[in-house]
Every structure is written in C-alpha cells, then in structure tokens.
Amino acid sequence: MPNYGVPPLALVRGEGCTVWDADGNAYLDLIGGIAVTSLGHAHPALVAAVTGQVGTIAHTSNLFLNEPEVRLAERLLGLLGGDGRVFLANSGTEANEAALKIAIKYGRTHGRSYFVATEEGFHGRSLGALSLTGKAAIREPFGPFGRDVRFVPYGDVDALKSAVTEDCAAVFLEPTQGEAGVVPPPPGYLAAAREICTANGALYVGDEIQSAIGRTGAWFAFQHEDARPDVLTLAKGLGGGLPIGAVVAFGEHGDIFAKGDHGSTFGGNPVAASAALAVLDTLEADGLLANAALVGRVLADGVAAIDHPLLAGVRGRGLWQALVLTSDASAAVQDAARAAGFLVNALRPNAVRLAPPLTITAEQAQSFVDALPAILEEAAR
Ligand SMILES: *Cc1c(COP(=O)(O)O)cnc(C)c1O
C-alpha cells in the first residue's frame, strides 16, 4: 500500500553497523531500523539465541508457559529493581494499547475520567495509541476516538500541573519525544511529572519504547531523573530486530488486569523473548550502556563543533541524537549522507535522527562527523 512511499534502497545484508544494498554498496547504519537493532546486524549472540530457540520450540501461545518469556519478565524486573508484573506483546503500539487498557480500568475503578498526553507526542498508530498521539496530522484523519484525552505542551511543568486533577486517570509521557524530533524536556520535568501524578493519584505511564534498553546510556531513560513511572512500555531496541513489546506495571498496578482482561496469540513468543534476553545479556556483558554514553558524546561533540550555515546544532542523549538544521533540508541531508555511505533518518523537515546500534565504535562515529561538513555542503547546493 502507498502509506510508506517508495523506499530509496533495498537492504539485503548487514554485519555489525554496516549494511549492504542490493547493488552491493556498503553503508554505515546510523539509524538501526529506527532505534531497533541495538546489537547491530547479525550479532552472533542474537543469531545463536534466535536459531537455537526456533530449532527448539518456536511458539507455544499463552495457553502454555515457555521458559524464555518467564526469564525475560524476571530479567526486566531485575533491571528495574522492582516488584511488578510484565505483559509481553509484539510491538510498541501493542504495548501502549495494553497500557491504555490498564489506565482505562484504573480510571473506571477510581472514578477518573480523562487522560493527559503531550502535543507532538507519539504513542503508535492503532486507534487507542493514536488517541494519545499528539501529532495532529496523523491523529485527526482517524478520529474521533471517543476518549477524553487532553494534550499539554511537552516540557511545560505548569501546563501539566493544571491539566492533572483528581479526575485524571493517567498521564502518558515519553522521557524525550522521539518522533517529534528527539526533543528532550528541560531538566527536572520528569521528576516533576512523577510528583504531579503521585500528588493527584493519576497513573504515570512512561512510554520508553524508543528511549530504553541502553539507548541514552542508561537501561531506562527515566533513571536519569530517578522518576520511575507506574507503568512502563518498551519495544524497539528490546528485541534487537525481532518484534517484541512489553508493559511493566509496578507494585499494586501489576494486578490491575484480571484474568481475561487482555491477551495476545504471539505475545510472549519464545523466539522474540530469547532474542530480547540475548540483547540484555550482551548489552551488559559488553559494557554497551557505557559505550552508548561515550560514543554518543563523540557524535554530539563532533557535530556541535562543526560550523556550517545549514547546521543549527545537535540535541539528544547517548546514541539518540538529532541534527537540527537551519532550514527544512533534512531530506536533502539524508540523500547526501546516503550518497556518502551513511544511513540517517530525515525525521522532521528540519531534524535528522541518528540512532545507531549501541555497538557502534568511536571510530565509526568519528567517520560520520568527519564526512558531515561535505554532506551538509552537498545538501545545501
Ligand atoms: C515507535 C514508537 C511507538 C510505536 O511502536 P511500534 O513498534 O511502531 O508499534 C510508540 N511510542 C514511541 C515512543 C515510539 O517511539
């Protein structure tokens, strides 16, 4: 269907941070399948986990237990240092859909009627997740959704404070807005959001689908402000390329869903769960959170030092950065980068996203920084 337009390349193979197109051209992959391929391409640990599991048992459904799904849930709770419960789904949207159902049930139980989300925020394309998505251009063509969602400007503590009352069921927040252009909030915003939700009894749902699993240099982005949500959603980088989503609900919130309230045929699939375990184990064993922080600095400092009329600056954290442009030239920058052997993502008309595998080396990041002035020059022509 025409919803994606025509992609510029067909990718046929990858190894580490390099991918090859159908004509045999190599590219340094600085977008990682939209912040997904956390271990890079064809990582031996991921290959072994997936092939081993598919050759053992590939699917059980939720009628039966499988060991990888239990180990993954325990591993996530271990990283989160909490008592909680996990629901496994197959994508970010599905994780948010489950979180929304948890929030709806919480609201009904406590007589709370509305939800708060942020302008320009992104939570997915299904009708529930879309109802929380603040990007009007993708939400409005498919509304109305029959749900009272109030949008506040992202990063504005006072606006959040006024919007959240004792009638509010839940607040949905990204710790940095991803699809809006990798837009971090001002320092203190997440801690303030945590406090506002606690003070008013609203559920704080943290959408860490793009930001978690080491992307910012921490396992979870909320850890930078020690502002743990009540419900956390994960996906993208968790499976390292295999489709998986997860909802974690902490404490008593883990028991909001009763038997029969939700389900998924593929959710908890042992192949996807094994992939996620391999991702978590490898990130830990190879020190890749520290690598994300370190190489993220190489990228950010390197870009910030470039003086070019098309480049306004760089924003983000760890291996999750946006080049901010002085004009709406991101498509031209993306094309020029590709011609120079780098895959980047024209995320917004004036912002280019970098979200490479967490295995990227400082030398690889530097090679992009070194090539960027000529890429910008080409894009400006
Ligand atoms: C990508 C994304 C989603 C949607 O995830 P899918 O796996 O595409 O369904 C939801 N929220 C955020 C913050 C995302 O970045």
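Fair warning: this is a prediction, and the values are worked out from it, not measured in the lab.

### Points about the sheet that holds strand 12 (residues 321-325)
Spatially, the four strands line up as an open sheet ordered 11-12-15-14, and their pairing is antiparallel. Both edges of this open sheet fall to strand 11 (311-316) and strand 14 (345-348), since each of them pairs with a single strand only. Pairs of neighbouring strands in the sheet enclose a mean axial angle of 30°, with direction left out of account. Bridge count between strand 12 and strand 15 (residues 351-354): four bridges; the pairing is antiparallel. Bridge pairing in strand 15 places A322 opposite R353. Along the sheet, helix 11 (residues 330-339) contacts strand 12, strand 14 and strand 15; its crossing angle with strand 14, the most-contacted strand, is approximately 170°.

### A look at the UniProt feature "binding site: N(2)-acetyl-L-ornithine" (unreviewed entry) in the chain
When the UniProt feature table is mapped onto this chain, "binding site: N(2)-acetyl-L-ornithine" (unreviewed entry) is found at R125 and S264. Considering only the residues just annotated, the second largest pocket is lined by S264. The residues contacting R125, other than those within four sequence positions of it, are T93, L130 and I138. Tracing the backbone through its elements, the reader meets S264 in the loop between strand 10 (245-250) and helix 9 (270-285).

### Examining the packing of aromatic side chains
For the structure on display, the rule yields three aromatic pairs. With a centroid separation of 5.4 Å and an interplanar angle of 70°, the aromatic rings of Y154 and Y189 are classed as edge-to-face. Of this pair, Y154 sits in the loop between strand 6 (149-152) and helix 7 (157-163) while Y189 sits in helix 8 (residues 189-200); the two residues are 35 residues apart in sequence, bridging distant segments of the chain. Assigned by exposure class, Y154 and Y189 land together as buried. An angle of 65° between the planes, with centres 5.3 Å apart, marks the rings of F342 and F368 as edge-to-face. Of the two residues, F342 is situated in strand 13 (residues 342-343) and F368 in helix 12 (residues 362-380); the sequence distance between them amounts to 26 residues. Judged by its relative accessible area of 8%, F342 is buried.

### Digging into the site of the ligand
As a matter of local geometry, the ligand sits amid S91, G92, T93, N96, F122, H123, G124, E174, D207, I209, Q210 and K236. In this structure, T93 approaches the ligand through a side-chain N or O atom, which is 2.5 Å from an oxygen atom. The contact in question runs from a nitrogen atom of the ligand to an N or O atom on the backbone of F122, over 3.3 Å. Burial of the ligand by the protein chains amounts to 82% of its free accessible area of 380 Å². Of the residues that constitute the shell around the ligand, the class distribution is two nonpolar, seven polar and three charged.

### Quick look at unusual backbone geometry
Cis geometry is found at the peptide bond from G143 to P144, where omega equals 0°. Look at S61: it is not a glycine, yet its phi comes out positive at around 70°. Mapping S61 onto the fold places it in the loop between helix 2 (44-54) and helix 3 (67-80). Under the relative-accessibility criterion, S61 is labelled buried at 16%.

### Focus on the packing of helix 10 (residues 288-304) against helix 12
To describe two helices that pack against each other, one gives the angle between their axes and the distance between the axes. Two numbers describe how helix 10 lies on helix 12: the axes approach to 9 Å, and their chain directions differ by 15°. Of the possible angle classes, the one that applies to helix 10 and helix 12 is roughly parallel. For the pair helix 10 and helix 12, the crossing hand works out as right-handed. On the side of helix 10, the interface is formed by V295, V298, L299, G302 and V303, while helix 12 contributes A362, A365, Q366, F368, V369 and L372. In the contact of helix 10 with helix 12, the residues fall into nine nonpolar, two polar and no charged.

### Observations regarding the domain arrangement of the chain
Put simply, an interface is often sized by how much accessible area is lost when its parts join up. Domain parsing of the chain yields domain 1 (46-285) and domain 2 (287-341 + 367-381). Placing a centre on the C-alpha atoms of domain 1 and another on those of domain 2 gives a separation of 29 Å. Between domain 1 and domain 2, the contact holds 19 residues from the first and 13 residues from the second. Carbon and sulfur atoms make up 66% of the surface buried where domain 1 meets domain 2, a total of about 1300 Å² over both sides. By the criterion of area lost to domain 2, the three top residues of domain 1 are V182, R215 and L283, representing 39% of everything that side buries.

Conventions used here
Residues numbered from 1 in each chain as written. Predicted model: local features only at pLDDT ≥ 70, side-chain atom pairs only at ≥ 80, totals over all residues. Heavy atoms only, no water. Pairing = 2+ DSSP bridges. Helix = DSSP H or I, 4+ residues; strand = E, 2+ residues; numbered from the N terminus. Axes fitted to C-alpha atoms, helices over the stretch in contact; angles between N-to-C directions. Contact = heavy atoms within 4.5 Å. UniProt positions renumbered as here; feature names shortened; annotations may be inferred. 1 Å grid on protein atoms, 1.4 Å probe; cavity = no way out; pocket = protein on both sides within 12 Å on 5 of 7 lines; lining within 4 Å. Phe/Tyr/Trp six-rings, centres within 6.5 Å; stacked < 30°, edge-to-face > 60°. Buried < 20%, exposed > 50% of the residue type's maximum accessible area, 1.4 Å probe, protein only. Near = heavy atom within 4 Å. Polar contact = N/O pair within 3.5 Å; in protein donor to acceptor, adjacent residues only side chain to side chain. Areas by Shrake-Rupley, 256 points an atom, 1.4 Å probe, with all protein chains shown as cover. Nonpolar A, V, L, I, M, F, W, Y, C, P; charged D, E, K, R; others polar. Parallel < 35°, antiparallel > 145°, perpendicular 65-115°, else oblique. Left-handed = near helix turned anticlockwise from the far one by under 90°. Domains from an automatic or database assignment. Buried area = accessible area lost by both parts, 1.4 Å probe.

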